[in-house]
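Understanding the architecture of this molecule
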Amino acid sequence: MDKIQIEAVENWQINMFLEDTNTDEFFGTDEKKVLEPGIYITVYENGNDTFPFSGVMPPDFSMECGDNKKLLFYNVSD
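A brief structural summary. (Residues numbered from 1 in each chain as written. Predicted model: local features only at pLDDT ≥ 70, side-chain atom pairs only at ≥ 80, totals over all residues. Heavy atoms only, no water.)

1. Concerning the packing of aromatic side chains
Quick note on the threshold: Here the aromatic set is Phe, Tyr and Trp, taking the six-membered ring for Trp, and pairing holds for ring centres within 6.5 Å; pairs whose planes are under 30 degrees apart are stacked, those over 60 apart are edge-to-face, and all others are tilted. Strands here mean DSSP runs of E at least two residues long; helices mean DSSP runs of H or I at least four residues long; both are numbered from the N terminus.
Taken as a whole and assessed by the stated rule, the structure comprises seven aromatic pairs. Ring centres of F53 and Y74 lie 6.1 Å apart, and the angle between their planes is 75 degrees; on these two criteria the pair is classed as edge-to-face. Of this pair, F53 sits in helix α3 (residues 53–56) while Y74 sits in strand β6 (residues 69–75); the two residues are 21 residues apart in sequence, bridging distant segments of the chain.

2. Some points on unusual backbone geometry
Excluding glycine, residues mostly have negative phi values, and the peptide bonds linking residues are mostly trans. Formally: Under the scheme applied here, a residue whose accessible area is under 20% of the maximum for its type counts as buried, over 50% as exposed, and between as partly exposed, the area being computed with a 1.4 Å probe on protein chains only.
Here N68, not a glycine, exhibits a phi torsion of approximately 60 degrees, which is positive. Inspection of the secondary structure assignment puts N68 in the loop between β5 (61–64) and β6. The class of N68 is exposed, set by a relative accessible area of 51%.

3. Some thoughts on the environment of C65
Within the secondary structure layout, C65 lies in the loop between β5 and β6. For C65, a relative accessible area of 11% corresponds to the buried category. With 36 residues separating them along the chain, C65 and T29 place their C-alpha atoms 4.4 Å apart.

Shape descriptors only; they carry no functional weight alone.
If you want it as structure tokens, here you go:
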């Protein structure tokens, strides 16, 4: 969370899932992935960002989410 604050990232959220969750249903991602229960920080990243956040802090995984957007997933359960 420190890096998110330092980089002044605006489009992020913390989600806690108590059961398996489909990314396409919950987030509207282009593909379907099932997230295991846990706590995730998600960051929306525009494809035209000059300095993308994923370059500062690589995500656990990312998914396409609409026109020229990526959704970065950070599993912070542990």
